[in-house]
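# Observations on chain architecture
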Amino acid sequence: MMAPLPYYCIYCGHEEPQVYKTYAEGNLVKLLQCSSCYNLVDPYCEYDTTLLSINVVLQNKKAYRHILLNTWFENFWKLAIVFLFCESYCSWCFQKGMESKANYADFYELETNFYRALLRTIVSTAAFDGLICCPF
Ligand SMILES: [Zn+2]
């Protein structure tokens, strides 16, 4: 669902009154160009939820801008949980010594390492957000 006015270009952040224009009684839709950078204002409004979700998981900045600026997105806590799990998974995969532990027989140790990575990510994200949002 598209948000009410104003919309923002996902490339440059310029404010635009419309993302698309409809013709032939709504049967034909044309995406509009940004008046500042001349890219399409928000091509993600044509994407289905699956493609948009894949772009979010891949941490595409334009997909995040579409969700945060041009839609009625209210479930920020769900997005934060997805982001924390993705970041923890990356941290878990790049741990030192992971290559030497290629023996996957000890699955519980691997799972414990993932939960440690998740806890470390939660703490570091909370510390970062606390410092960024701190009013002093
Ligand atoms: Zn633009």
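Our subject is the structure that appears above.
What you see is a predicted model, and the numbers here were worked out from it, not measured in a lab.

Thresholds, definitions, all that
Residues numbered from 1 in each chain as written. Predicted model: local features only at pLDDT ≥ 70, side-chain atom pairs only at ≥ 80, totals over all residues. Heavy atoms only, no water. Phe/Tyr/Trp six-rings, centres within 6.5 Å; stacked < 30°, edge-to-face > 60°. Disulfide = S-S within 2.5 Å. Helix = DSSP H or I, 4+ residues; strand = E, 2+ residues; numbered from the N terminus. Expected span 1.5 Å × (residues − 1). Buried < 20%, exposed > 50% of the residue type's maximum accessible area, 1.4 Å probe, protein only. Contact = heavy atoms within 4.5 Å. Donors = N, O, S within 2.8 Å, 3.2 Å for Na, K, Ca; no water. Tetrahedral: all angles 85-135°; square planar, octahedral: opposite > 155°, others 65-115°.

### Quick look at the packing of aromatic side chains
- The final tally for this structure, using the stated rule, is five aromatic pairs.
- An aromatic cluster of three or more residues is present, and its members are Phe-85, Tyr-89, Trp-92, Phe-114 and Tyr-115.

### Details of the state of the cysteines
- The final tally for this structure, using the stated rule, is zero disulfides.
- Counting only cysteine sulfurs, Cys-90 is the nearest neighbor of Cys-86, a cysteine outside any disulfide, at a range of 6.9 Å.

### A short note on helix α3 (residues 76-93)
- With 18 residues, α3 extends 26 Å from end C-alpha to end C-alpha; this agrees with the ideal 26 Å at 1.5 Å per step.
- For α3, the set of buried residues is Leu-79, Leu-84, Ser-88 and Trp-92.
- For α3, the elements touching its buried residues are α1 (49-57), α2 (61-70) and α4 (107-133).

### Overview of the coordination of the zinc ion
- Taken together, Cys-9 (SG), Cys-12 (SG), Cys-34 (SG) and Cys-37 (SG) make up the full set of protein donors to the zinc ion, lying 2.3 to 2.4 Å away.
- Given four donor atoms and angles of 104 to 117 degrees at the metal, the environment of the zinc ion is assigned as tetrahedral.
- Sequence positions of the residues that donate to the zinc ion give the spacing C-x2-C-x21-C-x2-C.
- For Cys-37, a relative accessible area of 27% puts it in the partly exposed group.

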